[in-house]
Amino acid sequence: MPRIRVKVDEDLCIGAASCVTIAPDTFQMNAENKAYVLDHGTEPEGSKYERWMEVTDDEMENILLGAQSCPTLAIFIFDEAGTQLFPDM
Amino acid sequence: MHYVIIGGGIAGTTCAEELRKLDSASKITLISEEFHALYSRVLLPHYIKGKIPRERVFLKKESWYAEQQIEWLAGEIIERVDAKNKHIEFVGGGELSYDKLLIASGSEVKLMDQDLPGVSYLRTLDDADQLVELMRALPKDAHACIYGGGFIACEYLNIFHEANIPITLAYRGAHMWSRGISEEAGMLIKNQLVQNGITVIENAKEIECIGEKTIESIFINGQTYPCSLLGVGVGVAPHFSLLQESGIQMHEGILTNAFLETNVKDVYAAGDVAEFFDERFERTFITGNWMNAQMQGRVAARNMTGSHAAFDLVSSYAMNIVGIEIIFIGDTSRTHADETRLIGTVEAGGVTELFVRKNKLVGAILTGRNMDRAILTKLIQEKADLTDSGVVLPM
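Residues numbered from 1 in each chain as written. Chains lettered and ligands numbered in written order. Predicted model: local features only at pLDDT ≥ 70, side-chain atom pairs only at ≥ 80, totals over all residues.

## Overview of the overall build of chain B
- Along the backbone of chain B there are eight helices and 26 strands.
- Compactness check: chain B gives a C-alpha radius of gyration of 22 Å against a globular reference of 21 Å for 395 residues, within 12% of the reference.
- Taken over the C-alpha atoms alone, chain B extends approximately 65 × 60 × 35 Å along its principal axes.
- Put simply, chain B has 395 residues, and 45% of those count as buried.
- Restricting to contacts in chain B with at least 6 residues of sequence separation, those with at least 24 account for 60%. (Helix = DSSP H or I, 4+ residues; strand = E, 2+ residues; numbered from the N terminus. Rg over C-alpha atoms; globule rule 2.2 N^0.38 Å. Buried ≥ 20, exposed ≤ 12 C-beta atoms within 10 Å, placed from the backbone. Contact = placed C-beta atoms within 7 Å.)

Next up, the structure:
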């Protein structure tokens, strides 16, 4: 299974919550109305804006869809080698 | 099969993208009034504030359209839709026939009667470019004014506030969103504005711009206020004048069923222009936000290619107003609610208003109470019965 790093730029996030609608297992809103990152619905080491996770291809596609839905492009996805998968550079 | 999409914004472009995923062979034509490739309107304030460079607002490169084999007609305006003969006519001549048509022509800003250099609107990338230029040219003692009491007024507030420009805000109602939110929420927002040094003028039914070559002041309710730059946000109206005599049913927007189909076969609508039937809330809606437009573009594409999927989304919209957050979730129409309930107080720094119909929570407006968002969204999504003792509302 691919291992990816998912990161929310809290400065860009405006709380539109489209990522939460599409990929609720990976994104939720916190008290500051910013999206934070979960690993399959869990929060090991507490609430974080960035984390590594192992995903299936289907999960990967859905997380990408969530990132693409963000109107401020505040979600970044990297592969294991550190290459930015989204947004396209 | 030839799919034609009117409108190159997020609804139209998402539809084109999804159509191509579902149908690799058919012809897709996307017609856009603007010359720019798809960009995020939501990112425009970030660009104006200098948080991101201009090129970051674009969501698609110009080369993307050809790569996807989507014919992109930029800078074209539609004169008329002839739904009977299944073709559209362009301003300046020319026709294009279609097999299936999506209208995603968006909305237009309402303009003031007067126009003077220094008067700004905030809808398009060109508007944003103009505002950046205007702000660059401001003198040191500049004073900015804002006319309007909705989302665009909030964007201007945040932009001018971050730039440390003194602000006078005038709106037509007794408070911001005067028809939409409770008095208590209005008071909370006003307190926040005043605490941040913003001059607030309520019940400003009319405004006069004064200046010769450029705006110098504004005249409201019998008083003159200095003004080097005026940001206007007095609402939008769906853009559907091209549909006169088309036979397509319109009300406040283009009427569609839950499948985003209009009353005319093979014609669909999505985004800000669509007044769609929402099965969850059992009434028609116009929802002018990004998430709604994007999701509708996707659902429209599925239905245009033969699926039969109802559009179902508990829409929400959040806005930070110089430090206080307001979040609208679901159906927040006072007229359509059987009752409304208020949680929290102005003194405690936050109020949430619940909109209830047939004992079910259908919508909520959270002002300074972000923590209610997840639980209330869930209750609306699950159509929970509030008389059920297991349902616990926030305190």
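## Examining the overall build of chain A
- When you go through chain A residue by residue, the secondary structure sums to two helices and six strands.
- Reading chain A from its N terminus to its C terminus gives the helix and strand order β-α-β-β-β-α-β-β.
- Rg of the C-alpha trace for chain A: 12 Å, near the compact-globule value of 12 Å for 89 residues, within the 12% margin.
- Counting only C-alpha atoms and orienting by the principal axes, one finds that chain A spans roughly 30 × 30 × 20 Å.
- By residue count, 39% of the 89 residues in chain A fall in the buried class.

## Here's the deal with the domain arrangement of chain B
- Per the domain assignment, the segments of chain B are domain 1 (2–108 + 236–304), domain 2 (112–232) and domain 3 (323–381).
- Measuring from the centre of the C-alpha atoms in domain 1 of chain B to the corresponding centre in domain 3 of chain B gives 31 Å. (Domains from an automatic or database assignment.)

## Notes on the interface of chain A and chain B
- At the junction of the two partners, chain A supplies 16 residues and chain B supplies 16 residues.
- At the level of secondary structure, the elements contributing two or more residues to the side of chain A that touches chain B comprise α1 (18–22) and β2 (27–29) of chain A.

## A closer look at the sheet that holds strand β20 (residues 274–278) of chain B
Residues and elements named next belong to chain B.
- Strand order across the open sheet formed by three strands is β18-β20-β21, with mixed pairing between neighbours. Among the strands making up the open sheet, the edge pair consists of β18 (254–256) and β21 (283–285). Here the strands of the sheet are splayed against their neighbours by 30 degrees on average, with no regard to which way each runs.
- Of the pairings in the sheet, the one linking β20 to β21 comprises three bridges and is antiparallel in character. Bridge pairing links Phe-276 to Phe-285 in β21. (Pairing = 2+ DSSP bridges. Axes fitted to C-alpha atoms, helices over the stretch in contact; angles between N-to-C directions.)

## Remarks on the confidence of the model for chain B
- When pLDDT is averaged along chain B, the result is 95; 100% of the residues meet or exceed 70.
- Taken together, the chains of this predicted complex give a pTM of 0.94 and an interface ipTM of 0.86. (pLDDT = per-residue confidence, 0-100.)

## A short note on the pairing of strand β23 (residues 324–330) of chain B
Residue and element names in this part refer to chain B.
- Within β23, six of the seven residues are buried, which leaves the element mostly enclosed by the surrounding structure.
- Pairing geometry for strand β22 (residues 316–321) and β23, over six bridges, is antiparallel. Paired with Ala-318 across the two strands is Ile-327, which belongs to β23.
- Pairing geometry for β23 and strand β26 (residues 360–367), over five bridges, is antiparallel.

## Considering the environment of B:Ala74
All names here are of chain B.
- With respect to the element layout, Ala-74 can be found in strand β3 (residues 70–74).
- Owing to 15 C-beta atoms within 10 Å, Ala-74 belongs among the partly exposed residues under this scheme.
- A sequence separation of 42 residues divides Ala-74 from Ser-32, and the C-alpha atoms of the two residues are 4.8 Å apart.
- Apart from the residues within four sequence positions on either side, Ala-74 is in contact with Ser-32 and Phe-35.

## A closer look at helix α2 (residues 57–68) of chain A
All names here are of chain A.
- The end-to-end C-alpha distance of α2, which contains twelve residues, comes to 16 Å, matching closely the 16 Å that a straight helix rising 1.5 Å per residue would cover.
- Of the residues making up α2, those classed as buried are Ile-63, Gly-66 and Ala-67. Mapping the buried residues of α2 onto a view down its axis gives an arc of 100 degrees, with all of them on the same face. Facing away from the buried side of α2 by over 90 degrees, the exposed positions are Asp-57, Asp-58 and Glu-61.
- Its buried side turned inward, α2 meets β1 (3–8), α1, β2, β5 (75–78) and β6 (84–86). (Expected span 1.5 Å × (residues − 1). Arc of directions from axis to C-beta.)

## Section: the sheet that holds β22(B)
Residue and element names in this part refer to chain B.
- Spatially, five strands are ordered β22-β23-β26-β25-β24 in an open sheet, and the strand pairing comes out antiparallel. With partners counted over all chains shown, the strands left at the sheet margins are β22 and β24 (339–345), one partner each. Each strand of the sheet is rotated relative to its neighbour by a mean of 15 degrees, with strand direction disregarded.
- Bridging between strand β25 (residues 350–357) and β26 involves seven bridges; their strand directions are antiparallel. Of the residues in β26, the one forming a bridge with Leu-354 is Ala-364.

## A word on the environment of B:Leu19
- Inspection of the secondary structure assignment puts B:Leu19 in helix α1 (residues 10–22).
- For B:Leu19 and B:Leu38, which are 19 residues apart along the polypeptide, the C-alpha to C-alpha distance reads 16 Å.

## Section: unusual backbone geometry
- With an omega dihedral of -10 degrees, the bond running from A:Phe86 to A:Pro87 counts as a cis peptide bond.
- Within the element layout of this structure, A:Pro87 appears in the segment after β6.
- Here the phi dihedral of B:Glu245 falls at roughly 65 degrees; this positive angle occurs in a residue that is not glycine.
- Mapping B:Glu245 onto the fold places it in the loop between β17 (236–238) and β18.
- A residue is classified by how many C-beta atoms lie within 10 Å of it, and B:Glu245, with 10 of them, is exposed.
- Positive phi is not limited to glycine here, since B:Lys383 has a value of about 50 degrees.
- Counting through the fold element by element, B:Lys383 comes out in the segment after α8 (373–381).

## Observations regarding the packing of α1(B) against helix α7 (residues 290–304) of chain B
All names here are of chain B.
- Contact pair α1 / α7: the axes reach a minimum separation of 7 Å and the direction vectors enclose 35 degrees. Taken as a pair, α1 and α7 cross one another with a handedness that is right-handed. Here α1 contributes Ile-10, Ala-11, Gly-12, Thr-14, Cys-15, Glu-18, Leu-19 and Leu-22 to the contact with α7, which in turn contributes Trp-290, Ala-293, Gln-294, Gln-296, Gly-297, Arg-298, Ala-300, Ala-301, Arg-302 and Met-304.
- Residue composition of the contact of α1 with α7, by class: ten nonpolar, five polar and three charged. (Left-handed = near helix turned anticlockwise from the far one by under 90°. Nonpolar A, V, L, I, M, F, W, Y, C, P; charged D, E, K, R; others polar.)

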